[in-house]
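# Geometric and topological summary
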Amino acid sequence: MPSIPGSSPRTPDVQVGPLDLAARVDEALAVQALAFGLSDEEVGVRRHIVLRHNLQPGCRALGATTADGRLVGFVYGLPNDRVHWWSTVVEPYLRVTGTDGWLDDSFVITELHVHPAFQARGIGRALITGLTDGAEQPRSILSAIDTESPARRMYRSLGYADLARQVHFPSAPTPYAVMGAPLPLRGAGTRGI
């Protein structure tokens, strides 16, 4: 798997490159389950969601693999559409803060997860910058658990800022923050690669 120029992780034996998400969905969800603490039931529900997203126009995915081909991280996203479920949930929160315009002409980061044993090595940064570098939209949006965490610090270091906080998704036990950043992200490679 070729590495994405300008977005190499600090772990030389891990390469970031295009990911056939449909073919490797179970591996990706195994990483997400470890990183996010998902139950088998939650993984089953998310499997259908990921496969449905994968069919959307403009959906793209990158994976981080070890030299022996083990998937240790992944990211995927797609151009945002206000009729998508995620947008319908976050739109009222963004309207209150006057930032609902971010739902238009944005590339949404749907999922980004790195295996816990491989975190804090620049892999998440390489994944998100590699994915957004190829986006045609002028900005990116995402949601993250609304707590101070390494993930939120990484997003901020890339230029993401809070657009709305204390966003409640149905069946999610903790609130989220919606964040947005202009593209290219800070520290990203050349757009369009």
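Criteria and thresholds
- Residues numbered from 1 in each chain as written.
- Predicted model: local features only at pLDDT ≥ 70, side-chain atom pairs only at ≥ 80, totals over all residues.
- Heavy atoms only, no water.
- Phe/Tyr/Trp six-rings, centres within 6.5 Å; stacked < 30°, edge-to-face > 60°.
- Helix = DSSP H or I, 4+ residues; strand = E, 2+ residues; numbered from the N terminus.
- Buried < 20%, exposed > 50% of the residue type's maximum accessible area, 1.4 Å probe, protein only.
- Pairing = 2+ DSSP bridges.
- Axes fitted to C-alpha atoms, helices over the stretch in contact; angles between N-to-C directions.
- Core = buried A, V, L, I, M, F, W, Y, C linked by side-chain atoms within 4.5 Å.
- Contact = heavy atoms within 4.5 Å.
- Polar contact = N/O pair within 3.5 Å; in protein donor to acceptor, adjacent residues only side chain to side chain.

### Describing the packing of aromatic side chains
- Under the definition given, this model contains three aromatic pairs.
- Between Trp85 and Phe169, the aromatic rings sit 5.8 Å apart at their centres with planes inclined by 35°, giving tilted as the arrangement. With Trp85 in helix α3 (residues 85-96) and Phe169 in the loop between β6 (161-167) and β7 (176-182), this pair connects stretches of sequence that are 84 residues apart.
- The interplanar angle of 65° and the centroid separation of 5.8 Å between the aromatic rings of Tyr155 and Tyr160 together place this pair among those described as edge-to-face.
- The class for Tyr155 is buried, based on a relative accessible area of 7%.

### Notes on the sheet that holds β6
- Read across the sheet, seven strands follow the order β1-β2-β3-β4-β5-β7-β6 without closing on themselves; strand pairing throughout is mixed. Edge positions in the sheet fall to β1 (14-18) and β6, since each of these pairs with one other strand and no more. On average, each strand axis in the sheet is tilted by 20° relative to the strand beside it, whichever way the strands run.
- For β6 and β7, the ladder comprises four bridges, and the chain directions are antiparallel. Bridge assignment links Asp162 to a residue of β7, and that residue is Met179.

### Side note on the nonpolar core
- One finds Leu21, Trp86 and Val90 to be the most contacted residues of the largest nonpolar core, which totals 29 residues.
- Discounting chain neighbours no more than four positions away, the residues touching Val90 are Leu103, Val167, Phe169 and Val178.

### Overview of the side chain of Thr66
- In this fold, Thr66 is placed in strand β2 (residues 60-66).
- Residue Thr66 is classed as buried on the basis of its relative accessible area, which comes to 11%.
- Within the local environment of Thr66, its side chain forms a polar contact with the side chain of Asp68, the two groups lying 2.3 Å apart.

### A few points about the pairing of strand β4 (residues 106-114)
- Counting buried positions over the nine residues of β4 gives eight, a clear majority of the element.
- Pairing of strand β3 (residues 71-79) with β4 involves seven bridges; the strand directions are antiparallel. Each residue of the ladder has a partner; that of Pro79, found in β4, is Phe107.
- The pairing of β4 with strand β5 (residues 139-145) spans four bridges and is parallel. Residue pairing for β5: Ser106 is matched across the bridge by Arg139.

### Notes on the side chain of Arg24
- When you line up the elements, Arg24 lands in the loop between β1 and α1 (25-36).
- A distance of 2.8 Å separates a polar atom in the side chain of Arg24 from the backbone oxygen of Gly69.
- With sequence-adjacent residues up to four places away left out, Arg24 is seen in contact with Leu19, Thr65, Gly69, Arg70 and Leu71.

### What about the pairing of β7?
- Of all seven residues making up β7, six are buried, and the element is well covered by its neighbours.
- In the sheet, β5 pairs with β7 via seven bridges, with the strands oriented antiparallel. Along β7, the bridge assignment pairs Leu142 with Met179.

### Quick look at the environment of Leu131
- Relative to the helices and strands, Leu131 resides in helix α4 (residues 123-133).
- Judged by its relative accessible area of 0%, Leu131 is buried.
- For the pair formed by Leu131 and Leu103, sequence separation is 28 residues and the distance between their alpha carbons is 18 Å.
- Contacts of Leu131, omitting those with residues within four sequence positions, involve Arg60, Ala61, Leu62, Val75, Tyr76, Gly77, Phe107 and Ile109.

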